[in-house]
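Summary of the model geometry
Here is what each chain is made of, one letter per residue.
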2 protein chains.
Amino acid sequence: MDEFIKAEILAVGTELLMGQIANTNAQHISARLPEVGIGVYYHTVVGDNPSRLKDCLELALKRADVVIMTGGLGPTKDDLTKETIAEFFGRKLVLHQESLQKIEAFFNKLNRTMTENNKKQAFLPEGSLIIENNNGTAPGCIIEDGKKVVIMLPGPPKEMKPMFDETVIGYFSKKASFKIVSRFLRIFGIGESAMEEKIIDLIDGQSNPTIAPYAKDGEVTLRITARCNNGREGEELIKPVIDEIRNRLGDAVYSIDNENLEEVTGKLLIKNNISISFAESCTGGLLSSRITEIPGISAVFSGSMVTYSNEIKAGCLGVSEDTLNTHGAVSSSTAKEMAVNIRKQMNTKLGVSVTGIAGPGGATENKPIGLVYVALADENDVACTELNLWGDRNRIRNNTVLNALDMIRRYILKNYK
Amino acid sequence: MDEFIKAEILAVGTELLMGQIANTNAQHISARLPEVGIGVYYHTVVGDNPSRLKDCLELALKRADVVIMTGGLGPTKDDLTKETIAEFFGRKLVLHQESLQKIEAFFNKLNRTMTENNKKQAFLPEGSLIIENNNGTAPGCIIEDGKKVVIMLPGPPKEMKPMFDETVIGYFSKKASFKIVSRFLRIFGIGESAMEEKIIDLIDGQSNPTIAPYAKDGEVTLRITARCNNGREGEELIKPVIDEIRNRLGDAVYSIDNENLEEVTGKLLIKNNISISFAESCTGGLLSSRITEIPGISAVFSGSMVTYSNEIKAGCLGVSEDTLNTHGAVSSSTAKEMAVNIRKQMNTKLGVSVTGIAGPGGATENKPIGLVYVALADENDVACTELNLWGDRNRIRNNTVLNALDMIRRYILKNYK
């Protein structure tokens, strides 16, 4: 097999050097390029400065075969990437009529007038392949220069990522002499060290495919990567490894397709036609907002109540004053009543509730920050789990949502197989 | 005044080049260095490879005065930063007794035995200043070499950030001959190009402070940066510029302290003691979850209803069947009834509602994806805004939330001054 093609990612933007944003574009590109046989060896970030940018490009072309640039393609005066790179390669910037029409259409659709400076975005280096932007105004482009390839993409991640995924990956895929196929196993309900102990012999014993774990925000992901001649060969190399890992970790493996927990749980609800409603306290609507990220969820999700205050828990959701006074809002009794009542009120198959202390305020001697109850009610019964989470308000709210989604997922796996 | 001291941030770590994590360390360091008169000119990321690392360090020392390195200080074989850098400067690695004791104490506290490879972390280049690590095992260090300074810090952000904030900033603060003060103006309700046209003469005319715009997710931020001898002088340079921009852009400037819209709106609600509740359809709880990110919001926020289906809009929220049948769920009539009814049901000063088509499904001939109504009801009246948004489901939901928060903010500014 051939060697890895070397790539450098060159981001242009003072906002990165000022620390206003993190370079998530480089992360996205780096994660995907190996699929088409390209290894990322360097990331560079430089400001909107033509001379420094030129030096960086020169260096990048020395040490890499492929240079992917992000940023500096917008309408403002600061945006100088195209001008600099065109000059570097001795190419003119020429008007790309189709791109201009797209930009004009973009403004028309929004009922706004296109200002003059927006036209600048439709000028592209002559002889380059144009990459359409369906989520913004600045198109990207691919410049082939001898054996080297330079690609320019806009800086906003919501524009860059679809352009990269839909066009750039396809461009390299056609040229690749070997492929890298990766599968991501998503795991919830077991810590990284505990998981590693269960499969350490697999991790140590593999060379192709390789297995690499990483932990993030209360979840664990396993990346399984095979080097192969085509997708089918890759899948054949990976399949027995996935089977063995699922064998050992069981239902903790919630996706073998890198889906997140809301996708998996949402699809299970839709597939089994299980209607559901939520009553949320400390998560304040986050659980509902996550499940409604899934297109088509309206088939099973009717609605929720965010019952932040005790008055609303009692007045609107009908939790008994007695329960609230005796056990408090953060208790399994309250969580259970919330789940049972929301299920009745919204007339759904399942009712799920969340109540807890996300901090920074609200803790008492017996009820520390991170104490959370999640309850699930069906027509026969109501179950409740106590969670003891750590971290800041954000982490606790996020982790609560993951636990609630996982509780629903495991309920469905148990009752609907 | 002296020239800006130039810095480069050199991150070492294959996990960055594999796209497993974003380089948030570089973001953190970049945001803080200007405070001590240091400008960040480059970020570089390189793998755990001694030869490439040496080349990168050599280049960094050519183009910068200060090089801040992160990563590769841990106990494993992959961690080669210190060895490579010591060799580069021709310095020995010598045992730092205090660091060794700290590492041993760290393991004792966790009731774990220190493995042999952990000792490696206590060896540091001779003649360097040691930076204590209170959140992990690998200490950092500062190497002064002529006029150049190289700083090594560990890779995990939870270790790196406190070491940087507590030690590195203090180290440079003593040496700084001038400072940089930045203020961030956050703007909503006007596009980037339209805003630039209104203040282009200011942007072009300034040298100190400078003004730089950038757009992100439907918002615009203006960064105003002054070079000065101290914080007070910086503020004095910046103030007239902020005043002039506010003069021209009016209430579109929602923060001069880089707060986000939920913070600004949440604080206005709390400060004026205005109770509020939400009825959400297409945002599915996202508006509620955003406002409940603000600690202390429970003083004014009681709860919400996510009324995803028409049955819940009618049955639980009391929107009239007649309105739903005549005008449809996505209409100003429905939005208004939702706002009025949630306000009554939750007994709050204001009621805010959202209904729209986030896509990908649900569009009709007269009601395209991105059509959204946001309504706000108080005791006297109910106002409704029609939005025509573009983008995917995620973007439309996010933008709807921003518009709803902005509607509340402007209502308070108008009625509570």
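These figures come from a predicted structure and were not determined experimentally. (Residues numbered from 1 in each chain as written. Chains lettered and ligands numbered in written order. Predicted model: local features only at pLDDT ≥ 70, side-chain atom pairs only at ≥ 80, totals over all residues. Heavy atoms only, no water.)

**Description of the overall build of chain A**
- Helix and strand counts for chain A stand at 14 helices and 17 strands.
- Along the longest, intermediate and shortest principal axes, the C-alpha atoms of chain A span 80 × 60 × 40 Å.
- Per-residue burial for chain A yields a buried fraction of 56% across its 417 residues.
- Sequence separation of at least 24 residues holds for 66% of the intrachain contacts in chain A that already meet a minimum separation of 6.
- Considering chain A, the positive charge centre built from 48 side chains and the negative charge centre built from 53 side chains are found 2 Å apart. (Helix = DSSP H or I, 4+ residues; strand = E, 2+ residues; numbered from the N terminus. Buried < 20%, exposed > 50% of the residue type's maximum accessible area, 1.4 Å probe, protein only. Contact = heavy atoms within 4.5 Å. Lys, Arg positive; Asp, Glu negative; His and termini not counted. Charge placed at Lys NZ, Arg CZ, Asp CG, Glu CD.)

**With respect to the side chain of Thr70(A)**
- Of note, Thr70(A) is situated in strand β3 (residues 66–70).
- Judged by its relative accessible area of 3%, Thr70(A) falls in the buried class.

**Topic: the pairing of strand β11 (residues 219–228) of chain A**
Residue and element names in this part refer to chain A.
- The element β11 is extensively covered by neighbouring structure, given that 9 of its 10 residues are classed as buried.
- Across 9 bridges, the pairing between strand β9 (residues 179–187) and β11 is antiparallel. Paired with Arg186 across the bridge in β11 is Thr221.
- Here strand β10 (residues 210–216) runs beside β11; their pairing, made up of 7 bridges, is antiparallel. Of the residues in β11, the one forming a bridge with Ala212 is Arg223. (Pairing = 2+ DSSP bridges.)

**Concerning the domain arrangement of chain A**
- What the domain assignment lists for chain A is domain 1 (5–175), domain 2 (179–255) and domain 3 (261–415).
- Computed from C-alpha atoms alone, the centre-to-centre distance between domain 1 of chain A and domain 3 of chain A is 44 Å. (Domains from an automatic or database assignment.)

**Brief notes about the interface of chain B and chain A**
- Each partner contributes residues to the interface: chain B has 71 residues there, and chain A has 69 residues.
- Both faces considered, chain B and chain A share a buried interface measuring about 5,700 Å² in area, 58% of it formed by carbon and sulfur atoms.
- Summed over the shared surface of chain B and chain A, the result is 0 salt bridges.
- In this structure, the connection of chain B to chain A is made through 25 residue pairs in polar contact (both at pLDDT 80 or more).
- Here the residues of the side of chain B that touches chain A sort into 29 nonpolar, 28 polar and 14 charged.
- Pairing analysis gives 5 bridges linking strand β2 (residues 38–46) of chain A to strand β2 (residues 38–46) of chain B, with the strands arranged antiparallel. Paired with Thr44(A) across the strands is Thr44(B), a residue of β2(B). (Buried area = accessible area lost by both parts, 1.4 Å probe. Salt bridge = Lys/Arg side-chain N within 4 Å of Asp/Glu carboxyl O. Polar contact = N/O pair within 3.5 Å; in protein donor to acceptor, adjacent residues only side chain to side chain. Nonpolar A, V, L, I, M, F, W, Y, C, P; charged D, E, K, R; others polar.)

**A few points about the packing of helix α7 (residues 192–205) of chain B against helix α8 (residues 231–249) of chain B**
All names here are of chain B.
- α8 packs onto α7 with a crossing angle of 145° between their chain directions and a minimal axis gap of 10 Å. Once α7 is placed against α8, the crossing between them reads as right-handed. Across from Met195, Lys198, Ile199, Asp201 and Leu202 in α7, the residues of α8 making contact are Glu244, Ile245, Arg248 and Leu249.
- Looking at the contact of α7 with α8 residue by residue, the class counts come to 5 nonpolar, no polar and 4 charged. (Axes fitted to C-alpha atoms, helices over the stretch in contact; angles between N-to-C directions. Left-handed = near helix turned anticlockwise from the far one by under 90°.)

**Here we look at the pairing of strand β7 (residues 140–145) of chain B**
All names here are of chain B.
- Relative to β7, strand β6 (residues 129–131) is paired through 3 bridges, and the arrangement is antiparallel. Considered in β7, the bridge of Ile131 is made with Gly140.
- Both β7 and strand β8 (residues 148–153) contribute to a ladder of 5 bridges, which runs antiparallel. Considered in β8, the bridge of Ile142 is made with Ile151.
- Between the antiparallel neighbours β7 and β8 lie 2 residues, among them Gly146 with a positive phi of about 65°.

**Thoughts on the UniProt feature "domain: MoaB/Mog" (unreviewed entry) in chain A**
- The UniProt entry lists residues 8–175 of chain A under the feature "domain: MoaB/Mog" (unreviewed entry), expressed in the numbering used here.
- Taken end to end, residues 8–175 of chain A comprises 40% helix and 24% strand; its first and last C-alpha atoms sit 18 Å apart. (UniProt positions renumbered as here; feature names shortened; annotations may be inferred.)

**A word on the pattern of salt bridges**
- Under the defined criterion, the tally for this structure stands at 37 salt bridges over all chains.
- With a shortest N-O distance of 2.9 Å, Arg32(A) and Glu35(A) are connected by a salt bridge.
- Among the residues examined, Glu35(A) registers a relative accessible area of 27% and is labelled partly exposed.
- When the shortest N-O distance is used, the salt bridge between Asp257(B) and Arg183(B) registers 3.2 Å. Note that Asp257(B) is positioned in the loop between β12 (253–255) and α9 (261–271) and Arg183(B) in strand β9 (residues 179–187), a separation of 74 residues in sequence.
- Under the relative-accessibility criterion, Asp257(B) is labelled partly exposed at 49%.
- According to the relative accessible area criterion, Arg183(B) is buried, its value standing at 17%.
- Here the salt bridges do not stand alone but share partners, grouping Arg32(A), Glu35(A) and Asp165(A) into one network.

**With respect to the sheet that holds β8(B)**
- Strand order across the open sheet formed by 12 strands is β6(A)-β7(A)-β8(A)-β3(A)-β1(A)-β2(A)-β2(B)-β1(B)-β3(B)-β8(B)-β7(B)-β6(B), with mixed pairing between neighbours. Each end of this open sheet is capped by a strand with a single partner; those strands are β6 (129–131) of chain A together with β6 of chain B. Averaged over neighbouring strand pairs, the angle between their axes works out to 15° when direction is ignored.
- In the packing of helix α4 (residues 81–88) of chain A onto the sheet, the strands contacted are β1 (5–12), β3, β7 (140–145) and β8 (148–153) of chain A, and the crossing angle to β8(A) comes to about 160°.
- Of the strands in this sheet, β1 (5–12), β3 (66–70), β7 and β8 of chain B are in contact with helix α4 (residues 81–89) of chain B, which crosses β8(B) at around 160°.

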